[in-house]
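Read off the chains here:
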Amino acid sequence: MQKSVLNNPLLPSSPMFIKFFKFLTWLKQEGISRVTEIRHTPMNVLEKLSKKNAEFYKEYLQKEIINTDEIKRKLLNGRYSGQKFKLD
């Protein structure tokens, strides 16, 4: 049985890839990973990630969900009609 390319978890459009991309981008933005490009993030950054930083990332994701939900709610209520913005 041949595996479908669409089932590859590391394709740029896959949910797994998006989660990794978002996490590595956050590490860079917070200065935890001092790289110019996220693809250069060394494994030791992940190995030495503190529990506190992991909790900060979890809080970041929770706030992101709240903000996205708020934008969706405003869109449904017509508050952003005519305005251009990007959800992600």
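In the block above lies the structure referred to throughout.
The structure displayed is predicted, hence computed values, not measured ones. (Residues numbered from 1 in each chain as written. Predicted model: local features only at pLDDT ≥ 70, side-chain atom pairs only at ≥ 80, totals over all residues. Heavy atoms only, no water.)

Asks: What exactly am I supposed to notice about the overall build of the chain here?
Replies: Secondary structure assignment for the chain yields 3 helices and 0 strands. Across the chain, helices and strands are ordered from the amino to the carboxyl terminus as α-α-α. Scored against the burial criterion, the 88 residues of the chain give a buried share of 12%. For the chain, the computed accessible surface area is about 7900 Å², with 57% contributed by carbon and sulfur atoms. (Helix = DSSP H or I, 4+ residues; strand = E, 2+ residues; numbered from the N terminus. Buried < 20%, exposed > 50% of the residue type's maximum accessible area, 1.4 Å probe, protein only. Areas by Shrake-Rupley, 256 points an atom, 1.4 Å probe, with all protein chains shown as cover.)

Asks: What is the right way to look at helix α1 (residues 15-29) in this model?
Replies: At 3.6 residues per turn, the α-helix brings residues three or four places apart onto the same side. End to end, α1 covers 21 Å across 15 residues, agreeing with the expected 21 Å (1.5 Å per residue, within 8%). Three or more residues of α1 are buried, namely Phe23, Leu24, Trp26 and Leu27. Here the buried residues of α1 occupy an arc of 155° about the axis, which is enough to place them on one side. Facing away from the buried surface of α1 by more than 90 degrees, the exposed residues are Pro15 and Gln29. (Expected span 1.5 Å × (residues − 1). Arc of directions from axis to C-beta.)

Asks: In this structure, what is going on with the side chain of serine 33? I would like to understand it.
Replies: Of note, serine 33 is situated in the loop between α1 and α2 (43-47). Relative accessible area serves as the criterion here: at 2%, serine 33 is assigned to the buried category.

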